[in-house]
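What follows is each chain in one-letter form.
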Amino acid sequence: MSNVMRDSQIMAQIRDEDLGYMSDMALELAQMAEDTGLTTLAYLFRMAALEASTANSVLTEPEELPRQMTSH
């Protein structure tokens, strides 16, 4: 049982790191888009960064994903 809990914690940590990376990358892309005058694209990247940074607080279990996704 402890192996399952350990694996679950490792997977949660990896997910957190991945979401943090995606959020940071989206913010960098937003800044680059804004610097080149692509305001709409910058806005979209900022929304992606926000989505990635809040995804962890919304998803508690991977199997809950289909019920919590919204259509865009």
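Refer to the structure above for everything that follows.
These remarks concern the structure in this document.

Scoring rules and cut-offs
Residues numbered from 1 in each chain as written. Predicted model: local features only at pLDDT ≥ 70, side-chain atom pairs only at ≥ 80, totals over all residues. Heavy atoms only, no water. Helix = DSSP H or I, 4+ residues; strand = E, 2+ residues; numbered from the N terminus. Buried < 20%, exposed > 50% of the residue type's maximum accessible area, 1.4 Å probe, protein only. Areas by Shrake-Rupley, 256 points an atom, 1.4 Å probe, with all protein chains shown as cover. Salt bridge = Lys/Arg side-chain N within 4 Å of Asp/Glu carboxyl O. Patch = residues over 30% accessible without salt bridge, like charges linked within 9 Å, V, L, I, M, F, W, Y side chains within 5 Å. Expected span 1.5 Å × (residues − 1).

1. Considerations on the overall build of the protein chain
When its secondary structure is counted, the protein chain shows 3 helices and 0 strands. Starting at the N terminus, the α and β elements of the protein chain follow one another as α-α-α. With 72 residues in all, the protein chain has 12% of them scored as buried. On the protein chain, roughly 5,900 Å² of surface is accessible, and the fraction owed to carbon and sulfur atoms is 62%.

2. As for the pattern of salt bridges
Scanning the entire structure with this criterion turns up 2 salt bridges. One salt bridge connects Asp7 with Arg6, and the closest N-O pair in it is separated by 3.7 Å. Judged by relative accessible area, Arg6 falls into the partly exposed class, the value being 43%. Across the pair Arg46 and Glu34 runs a salt bridge whose closest N-O atoms are separated by 2.6 Å. Of this pair, Arg46 sits in helix H2 (residues 39-58) while Glu34 sits in helix H1 (residues 2-35), and the two are 12 residues apart along the sequence. For Arg46, a relative accessible area of 32% puts it in the partly exposed group. For Glu34, a relative accessible area of 40% corresponds to the partly exposed category.

3. Remarks on the environment of Ala33
Within the fold, Ala33 resides in helix H1. Separated by 12 residues in sequence, Ala33 and Phe45 have C-alpha atoms that sit 8.6 Å apart.

4. Some remarks on a nonpolar patch on the surface
Side chains of Leu38, Leu41, Tyr43, Leu44, Met47 and Leu50 sit close together on the surface and give an oily, nonpolar patch of about 570 Å² of accessible area. Residue placement: Leu41 occurs in helix H2.

5. Description of H1
Between its first and last C-alpha, H1 extends 49 Å over 34 residues, near the 50 Å set by a 1.5 Å rise per residue. When H1 is considered as a whole, its buried residues turn out to be Leu19, Ser23, Ala26, Ala30 and Ala33. Gly37 lies just past H1 and shows a positive phi near 85°.

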